[in-house]
Structure formats: C-alpha cells, structure tokens
Amino acid sequence: MISIVVVSHSRALGDAAVGLASEMVDETSRPLIKVAAGLDETSFGTDASAVAEAISEVDSPDGILLLLDLGSAVLSAEMALEFLAPEVASRVTVSSAPLVEGLVAAVVTAATGADMDTVVAEARQGLAAKQAHLADEPPAASSPGLTPDADTPHVKLMVHNEHGLHARPAAKLVALVRSYDVRVHLTNLDTGRGPIDARSLSRVATLDARQGSTLLAQVTGREADAALAALRQFADDGIGDTAQPVASGTQPPMAAGSGLDVAVGPARCLATDVDVGGYEPGQPEVELGRSGTALSQVRETLVAVRGRTEAEVGPDEASIFDAHLALLDDPEVLEPVATAISSGASAPGAWSDVLGPLAGEFESLADSYQRARAQDVRSVERRLLLALTGRQDETSVGRDAGPPVVLVLPEIDAGTAAAIDPTEVAGVVTLAGGATGHGVIVAKSRGLAIYTDAGEAGARVRNRDVVAFDAAARRLVVNPDDEETAQFRALAVRRQRLRDEAMTVATSSAVTRDGTSVHVVANVGSVREALAAVSHGAEGSGLVRTEVLFGELRAAPGADEQLDSFLALSEALGGRPMTIRTWDVGGDKPLAFLPLSVEANPFLGQRGLRVFRTRPDLLVEQLTAVCRLAAVSPARVMFPMVTTRAEVDWALERLQEAAAATGGAVPDGLEVGVMIEVPAAALRVADLSRGLDFVSIGTNDLTQYTVAAERGNAAVAQLADAFDPAVLRLVRTVCDEVAATTAVAVCGDLASDLDGAALLLGLGVRELSTVGPAVALVKQRVRQLDLQDVRRVAADAVAASSADEVRSLLRTAFATQA
C-alpha cells in the first residue's frame, strides 16, 4: 500500500486534514500518513529536512505520495528529495491535488490497495464534487473534430437503465451506430459532456450517462434517416438493457453466491500486470503485423470465453464480453494505436499508452458502477499484452500437485473469473475492485467463493501462505494455526451438512424448541424465483418486488396485466400468501415508464411512496389489481418508504379509491402494512402502525439511513453493516412499540443471514422474508433455537459497541449451529 506525507505551513492544518481524512476509512485499512508541517509546533513554514525525515519514516515499496498546501511547500518538497537516497526519492510522487479534498480522496482510494497512479488520479479529482455543485466545473472534453450544429437531424435518448449507460448497453449502442453509414455525435444534456463519436465505446462511456440522463444523438451521413429510426427504436426498447421475461416452467439458474462462501487453501498470488521486459520491438511494419495478430488471437479467445460462459452460467453474464469485443473494434482505440506504432512505438507500448488512460477515464467517473468498468479495459489490455509477449496467462495455468488453491489478485476481471477451474481453485481473494464488477458477478454466478476488497490484509499474503476466509462473515485469516484451520474446514462441512439436512425437512414448519412459530417466506420478483423459493420450503412471499416483476415494460401496465402476473405468481407459490409491495422506484430502482428527474442526492429524494404523490393514477391502478387479487387469493399489500402518518393516511385513501373502482370496499382478507426503512418511521412506529395489520422492516435501507453510508459505495461499505447496534436498537424499538395488533416482519438481507435471523427473533420479529435459496436454512436455524436464549443474546447485541462485537458475540452463541 502506498503511504502519504502531508506538507503544510501549519501543523494544526496538517493534523486536522489528516484527522478528517482518517475518519473516512477503517483504522485497519488506513495507509501510513505523516505530517511535515510548521517550523515548530506554533510557527508557520516548511522545512525540507522535516519533509525528508517524514518520507523516510513512511517509505513504502508501493510509493510515497506528497500532498502540499501552498506553493512554497513545493520548493521544500523538491529540496527534500535531494536529501534522500536515490532509490527512495524515485518512489516519491509530488501531487498538485488540493490538500484537504485531495487527501480525503487519496486516503480512501489508497485504503482499497490501489496503485499510485490510481490514487493520484483520484486525488486530482478531489475538487470535482465541489465544482459540480457550484457549477464551476470545467467543460468535459469532446472528441476532436466534432462540431455538429443545431440543425443537424437528431433524437433524444432517455437512459432508464438502473446502472446508466454501462458497458453492455453502451456496446449495443456502438454496434448499432456502426452498422450504418453515418456519423453520430452524442451529448449528455444533463452534464454537458460531449459531443463524442458514438462509434467509440470508450468515448461513449465518458459521457457518464446515469439513470435519468438525457442524451442528444445528432446524426449525419448517407443513411441518417434509417439510423435515426433505429436509434428511436433502441430508446423505446430500453437502451439495450431490456430484461427478458422467463417462462414459468424454466428452471432457475445457479443463484449468486450459492457456494458455501468458505475457502481454505495455499495462496497463489497473481499479478494482473504483464511483464513486457525482454520484448524486442521491430520496425513499424513488423509491429503493426504483431498487433494485428494479437488482435485476432484475443478476439478468438473472447468469442470462445463468451460461448462457454453462456453455456455454463447464462446469457446475461456472457454479454459482459460483448463490451470487451467492441473495444477491439473501437476506432478511437485502434486508430491511435496504429498511429503510435507507425511513429515508432512498440506494439505493447502503444496498446498500454491508449488503454491505460482509457481505464483512468472510467475510474474518474462519478458513478461507482461505471467506475468498475475500468476492469474491463484493463482485462482487454492484459490479454493483448500476453498475446504480444507470448507469455502464459497465470490465471489459467493448472495448479501444482496438492490441494486447491486460493487465488489472490489485485482485482478479478470477467475473463479470469470465467477461466477458473472450480476443482483447482478453492476460492478467490481480491485486494480491491469492489463487489459489483463484472468479474465478481461471473465468479459468484459460477458458485465460486470470493472475498472482495481485502485491502492491506490481502496485500500481505505471499505465495504458499495458507489463506482461510468466510465471505459471509467477512472474516479472513492468513496462516491460521491448526485450530483455526480446523474451524474453517469444520465450518464448510457444517454448512454443507446443514444445507443437506435443511432441504430434507424444507416443507416442515419453523417452530423454535420452546414452541414459538415463525413464518419464513421469500422475496421474489418473478415466477421463476417463486418456484425456486417454494422448492426450498417458502411458506409464501413476504415481498413481491413489483418494480422487478414489471421492470422490462416500457409502458405502465394496466390493472388487468398486473392481475394476470399476480395470479401467475400465486399459482407458482401454490396459493400461499404473498405480500405485494407497491411500486418502489427511485434511488437505485428504476421504472422505465416513470422517468424521474436527476437529483443531487436520489437516495434522500423522491423514492417509494413519495413519487406517487404526483402520479396517484399509477398507484391506484396497481392497487386495483391488488384488490381484485385479494378477492380470489391470499394477499397483503405494503407501501414502501413511508416516513409520516400523513403518508400512511394518504396511501390508505388511495386503497379505498382503488377498492371503489372494483365496485366495493377493501376485501376483508387483504392485510395492509408499510415498510419501516428510515429511522423516523422506526421511532414513530406506534403512531405509524395504528390500524395496520403489519409492518415489514427493510434492513438494507434502514441501515444505510441510520449510519449515513450509501449501501453501494465501496468506500463506506464497512459502515453500512446491518449488525450495527444502532440498527438493532431501531429494530427492537419497532418490535416494542408497534401497535398491539400489528405483526412485525423483516424483508431485508439480515433475515437471510442465519445468525441475523436468530438475532431478529430475539428482538421480537416473527416473520422472516429471505432470498429463496436461504429459506430452508433459516427454517432449520429457527428449529434449533430457544426463544429465551436468543432474547438474552439480542439484549447483549443491542448493548454492544460495534458490528464486529455483535458478530463475535453471535459466533460464540451459535458456534454449534453455523
């Protein structure tokens, strides 16, 4: 991990900046930071010898980053380098990034194990958020030579996709544009980025087009009319990211994370960088030939990998490689590579000089999901360099004789994940890259145990070290002793045994040892998921995600269409009760037929029920379908993102309106509830739940709002922990203060965690809605519990000081049941 030296004229300023930045990361992952500030504790100024001493104290083989406050600090820094040994000085990077914002960005990025170039790039972007907010952001660079005028034929494209114009839809857009004899210039009307050449996947990605963005496509050329029509159809079809409905009889694919999430084995540390030392460049015509041959080899390999992935996992995961293939045909990549080689550059150097900065552009984007696409670019670069140098890909080499290994990588790309042989690899540890990258998606889809973002703990691993991890519990141990190794191996055996035992009694009721019945149901968003959940023993559905069920539609479904889908779900559930959550849109949940305006803070803006105060017609139409369903099948309905009693009353009025539209009152059998997802709702639950049949706690959102940490942000992922005692106290408050006749359920991820489920019972919850594959295991855990015991454990957990302390407590309490 890199280290950081802060050079400041003021000791107080330097210490305060370090203190602020340190608050952003966990202490165990924070890089080494040293302050060289002031002539003494009180005098202002900088001292070159103090700077040199600070550099020596935090010297790191990965590099030392210097951040400075005022211009004269640069002179002290440069002089300090003269005092150092040449090998130490060579590892120092002096950055012009702003001190405070740059330091925060550098610390957060370095804590993930990022290299110097990545940390420096993030530090330099430190002012971006402030500039954007104050509207003094410098204009985004356009592709050279693009100057379309206002009279150019055009079409506007609305981006409805949950993750914006990410790799897969962007690749489809580029392929569409390139199929016509036209030039298409794209501009992001919301941010002003562009115009860019839509034939270039790399330039399209730099538009930073997120959900809700509007793109202007200006088209010129011989086939302009046909291309405009195709682009309009492309927009109507969902910008290339339309989910395909699944027939009710289709077997569910392998569930993400369906492995045991436990691995033990000797480490095999792999560098994703390719050593091009020893490569002997030839004349330009020779290098151009080598480059073309490498392109063909990589293209052939990617086509084969795509086909294998589609056969083993499915078409969605396989389509990840379409973006890789598109990059190989991208004119804004190929042309500068060819130009550089013709000017005397080696083929490896030319490809690295073009793809390296492109990956950096991805990493500078604001959206975390799109930032992760830098992995795809680096993956293509790596394949090309391997082909050019003739080196063997270490990730696809068979292991030596011995037990399956644990691969330790800086990050995992989709190609590597697809090539891993599960019989030879016990698990994968990544140092950085997040949990949403394409490589992680493919790895989990293949059932591989993967521990992401290990940071400094993973960076200390060396070849042949023994690595053991439990990804579910976020526990990683390097060189465990015999007792710890035995514990991990026993954990894997127990989990497999428990899974087998649970499936044999999956359809039996979940009753604690002291006779308390617990309703265990499933979260579903399709008929296929409902069928799978029932096969694992689900007693119904505690959450029907209607925004997923109808997510592929471009137009709002009417009551008849919704009723048909609800009846199909009811049939798949065998007539068991199901809880329909009304449209939950906003934040990270899109509805194509209900585009929302771009908000600076969407998770704190128009979400859930709030959205429909201005579109009550859509809500009433859905509630009409629910009332008709309740007349023939057991059903419940709940409203998401409720904060005040006034919102509850407004929602109940819309339900009455829908019932009247069906010719009568609200059906007697229809139970009505709300979701508890924000602290305010939990704290006023007595008033909120008055007259309701149930409340369902959404622990995912409740956690992120309680600890002020967005659940999809890797930089604060450690804070967004549902086991945080503050979150548990809110759950207990709901259970203690809810109206006497109102039941309490949980439909967040905490209910799918075996220890979490036990903890929730101790807090007072009596309905657990889990992911489908977890139903049987959760029911089995319930049968092993005594209610008085889990109440004592829950009381201790609420009184704990941290989520880690809660997990430790639970491991001790349920050691024999894990």
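Just above, that's the structure.
Let us look at the structure shown here. (Residues numbered from 1 in each chain as written. Predicted model: local features only at pLDDT ≥ 70, side-chain atom pairs only at ≥ 80, totals over all residues. Heavy atoms only, no water.)

What follows covers the pairing of strand 21 (residues 694-697). Neither face of strand 21 is exposed, since Phe-694 and Ser-696 on one face and Val-695 and Ile-697 on the opposite face are all buried. In the sheet, strand 20 (residues 671-676) pairs with strand 21 via 4 bridges, with the strands oriented parallel. When the sheet's bridge partners are listed, Ile-676 is paired in strand 21 with Ile-697. By the bridge criterion, 4 bridges tie strand 21 to strand 22 (residues 743-746) in an arrangement that is parallel. Among the inter-strand pairings, Ile-697 is bridged to a residue of strand 22, identified as Val-746. (Buried < 20%, exposed > 50% of the residue type's maximum accessible area, 1.4 Å probe, protein only. Helix = DSSP H or I, 4+ residues; strand = E, 2+ residues; numbered from the N terminus. Pairing = 2+ DSSP bridges.)

Let's shift gears to unusual backbone geometry. Put simply, Gly-194 and Pro-195 share a cis peptide bond, and its omega is 5°. Along the polypeptide, Pro-195 turns up in the loop between strand 6 (183-188) and strand 7 (196-197). A positive phi angle, near 55°, is found at Asp-453, a position not held by glycine. Note on placement: Asp-453 falls in the loop between strand 12 (450-451) and helix 20 (455-459). With a phi close to 55°, Met-641 is a non-glycine residue in the positive phi region. Within the secondary structure, Met-641 is located in the loop between strand 19 (635-639) and helix 26 (645-661). A relative accessible area of 2% places Met-641 in the buried class.

Within a sheet, neighbouring strands are paired by backbone hydrogen bonds and run either parallel or antiparallel to one another. In spatial order, the strands read 2-1-3-4; together these 4 strands make up an open sheet with parallel pairing. If you trace the sheet from one side to the other, it starts and ends with strand 2 (33-37) and strand 4 (92-95), each paired once. Going across the sheet, the axis of each strand differs from the next one's by a mean of 20°, ignoring polarity. In terms of strand pairing, strand 3 (residues 64-68) meets strand 4 through 4 bridges, oriented parallel. Paired with Leu-66 across the two strands is Val-94, which belongs to strand 4. Helix-sheet contacts for helix 1 (residues 11-22) involve strand 1 (3-8) and strand 2, and the interaxial angle to strand 2 is about 160°. (Axes fitted to C-alpha atoms, helices over the stretch in contact; angles between N-to-C directions. Contact = heavy atoms within 4.5 Å.)

The geometry of two aromatic rings is summed up by the distance between their centres and the angle between their planes. Enumeration according to the criterion identifies 3 aromatic pairs in this entry. Aromatic pair Phe-550 and Trp-583: ring centres 5.8 Å apart, planes at 70°, arrangement edge-to-face. Note that Phe-550 is positioned in the loop between helix 23 (546-549) and helix 24 (559-572) and Trp-583 in the loop between strand 18 (578-581) and helix 25 (616-630), a separation of 33 residues in sequence. In terms of burial, Phe-550 and Trp-583 fall into one category: buried. (Phe/Tyr/Trp six-rings, centres within 6.5 Å; stacked < 30°, edge-to-face > 60°.)

Turning our eyes to something else, we now look at a nonpolar patch on the surface. A cluster of nonpolar side chains, contributed by Leu-13, Leu-20 and Val-100, occupies part of the molecular surface with about 210 Å² of accessible area. With respect to the helices and strands, Leu-13 occurs in helix 1. (Patch = residues over 30% accessible without salt bridge, like charges linked within 9 Å, V, L, I, M, F, W, Y side chains within 5 Å. Areas by Shrake-Rupley, 256 points an atom, 1.4 Å probe, with all protein chains shown as cover. Salt bridge = Lys/Arg side-chain N within 4 Å of Asp/Glu carboxyl O.)

Two numbers describe a pair of packed helices, the interaxial angle and the distance between the axes. Where helix 21 (residues 482-504) contacts helix 32 (residues 775-783), the axes come no closer than 8 Å and their chain directions differ by 90°. The orientation of helix 21 with respect to helix 32, classified from their angle, is roughly perpendicular. Contacts between helix 21 and helix 32 involve Leu-498, Arg-499, Glu-501, Ala-502 and Met-503 on the former and, on the latter, Ala-776, Leu-777 and Gln-780. Looking at the contact of helix 21 with helix 32, its residues break down into 5 nonpolar, 1 polar and 2 charged. (Parallel < 35°, antiparallel > 145°, perpendicular 65-115°, else oblique. Nonpolar A, V, L, I, M, F, W, Y, C, P; charged D, E, K, R; others polar.)

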